[in-house]
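# Inside the fold
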Amino acid sequence: GLGRAAPAQRAVVVPPLLRGIARRGAAQQETLFSLLLGSLSELPLPGSHAELEGRLPFLTDPADRALVLEWLLDLLQFLPPPAAPAADRSAEPPPGLSADAAKRVKGRLSHEEVRGELLAAKKLAACRLLGAPAGGAPVPVASSDAPAVTAAGGPATAAGSPSAGGEGPLFSPLETLPHWLVASCDGDGA
């Protein structure tokens, strides 16, 4: 299945599957976000806003874009549960997240896949996408660089989406400010 495919191969197959994710049921969203999480580090960033439809088509629909941004924020806020949770604390979500949001991030991943270096790598991959310029050039994703990367972009449209024409970041500063604030406070270095 797709889960056994190489990350680069998943990164090509997963983006078209995410189109219309906002109109799907919670179970399908959970499965699709799990696929996105597994391919996040390898997603092909568009070279311009014109290439967005071909590489990341799920970011062209406003409802899908908003849902993916919400999920990325949940991912950045996610903290792993304690290694040996007390019986009365085992169902508590991480601080700042609802139980549903924590479940949506964790999906069907094992306990080990959402902690330590593996979780930090997933959060860095999220920052890579959030900080991507429309030109597709590599972006430093260290939290200290994040505000400068997002604030340096071109103008945004009234809706907060990036302007057309290949100028500026993939996401506007208005869309990603909460993400960068959370990422800058992450103790795992993401």
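Residues numbered from 1 in each chain as written. Predicted model: local features only at pLDDT ≥ 70, side-chain atom pairs only at ≥ 80, totals over all residues. Heavy atoms only, no water.

## Quick look at the packing of helix 4 (residues 62–77) against helix 8 (residues 173–184)
Put simply, helix 4 and helix 8 touch, their axes get as near as 9 Å, and they point 10° apart. Taken together, the axes of helix 4 and helix 8 are roughly parallel relative to one another. The residues of helix 8 that touch helix 4, namely those facing Arg65, Leu69, Leu72, Leu73, Leu76 and Gln77, are Glu175, Thr176, Pro178, His179 and Val182. For the contact of helix 4 with helix 8, the per-class residue count stands at 6 nonpolar, 3 polar and 2 charged. (Axes fitted to C-alpha atoms, helices over the stretch in contact; angles between N-to-C directions. Helix = DSSP H or I, 4+ residues; strand = E, 2+ residues; numbered from the N terminus. Parallel < 35°, antiparallel > 145°, perpendicular 65-115°, else oblique. Contact = heavy atoms within 4.5 Å. Nonpolar A, V, L, I, M, F, W, Y, C, P; charged D, E, K, R; others polar.)

## A few points about a nonpolar patch on the surface
Together, Val12, Val13 and Leu17 line one region of the surface with nonpolar side chains, adding up to about 240 Å² of accessible area. Mapped onto the elements, Val13 comes out in helix 1 (residues 7–17). For Val13, a relative accessible area of 38% corresponds to the partly exposed category. (Patch = residues over 30% accessible without salt bridge, like charges linked within 9 Å, V, L, I, M, F, W, Y side chains within 5 Å. Areas by Shrake-Rupley, 256 points an atom, 1.4 Å probe, with all protein chains shown as cover. Salt bridge = Lys/Arg side-chain N within 4 Å of Asp/Glu carboxyl O. Buried < 20%, exposed > 50% of the residue type's maximum accessible area, 1.4 Å probe, protein only.)

## Focus: the nonpolar core
Counting 41 residues, the largest nonpolar core has Leu36, Leu40 and Leu129 as its most contacted members. The set of elements that each furnish at least two residues to this core consists of helix 1, helix 2 (26–39), helix 4, helix 5 (99–106), helix 6 (116–130) and helix 8. With 7 residues, helix 4 is the largest single contributor of residues to this core. (Core = buried A, V, L, I, M, F, W, Y, C linked by side-chain atoms within 4.5 Å.)

## Structural notes on the packing of aromatic side chains
By convention here, two paired aromatic rings are described through the distance between centres and the angle between planes. In the structure shown here, the tally under the stated rule is 1 aromatic pair. Between the aromatic rings of Phe33 and Trp71, the centroid separation amounts to 4.8 Å while the plane-to-plane angle is 5°, which identifies the pairing as stacked. In this pair, Phe33 sits in helix 2 while Trp71 sits in helix 4, placing the two residues 38 residues apart along the sequence. With a relative accessible area of 1%, Phe33 lands in the buried category. (Phe/Tyr/Trp six-rings, centres within 6.5 Å; stacked < 30°, edge-to-face > 60°.)

## Thoughts on the pattern of salt bridges
Counted under the stated rule, the structure contains 7 salt bridges. A salt bridge links Asp61 to Arg23, with the nearest nitrogen and oxygen atoms 3.5 Å apart. Separated by 38 residues along the polypeptide, Asp61 in the loop between helix 3 (52–55) and helix 4 and Arg23 in the loop between helix 1 and helix 2 bring together distant segments of the chain. For Asp61, a relative accessible area of 23% gives the class partly exposed. A relative accessible area of 59% means that Arg23 is categorised as exposed. With its nearest N and O atoms 2.7 Å apart, the salt bridge here joins Arg65 to Glu175. Within this pair, whereas Arg65 is found in helix 4, its partner Glu175 is found in helix 8, the two being separated by 110 residues in sequence. Take Arg65: its relative accessible area is 5%, and that puts it in the buried class. Residue class for Glu175 comes out buried when judged on its relative accessible area of 15%. Put simply, Glu70, Asp74 and Arg104 are held in one network by salt bridges that share partners.

## With respect to the confidence of the model for the chain
In this model, the chain carries a mean pLDDT of 77, and residues with pLDDT of at least 70 account for 73%. The secondary structure element of the chain with the lowest average pLDDT is helix 7 (residues 146–151), at 37, and the one with the highest is helix 4, at 95. (pLDDT = per-residue confidence, 0-100.)

## Overview of the packing of helix 4 against helix 6
Contact geometry for helix 4 and helix 6: axes closest at 9 Å, N-to-C directions at 145°. Of the two possible hands of crossing, helix 4 and helix 6 adopt the one that is left-handed. Where helix 4 abuts helix 6, its residues Leu69, Leu72, Leu75 and Leu76 lie against Leu119, Lys122, Lys123, Ala126, Cys127, Leu129 and Leu130. Of the residues in the contact of helix 4 with helix 6, the class split is 9 nonpolar, no polar and 2 charged. (Left-handed = near helix turned anticlockwise from the far one by under 90°.)

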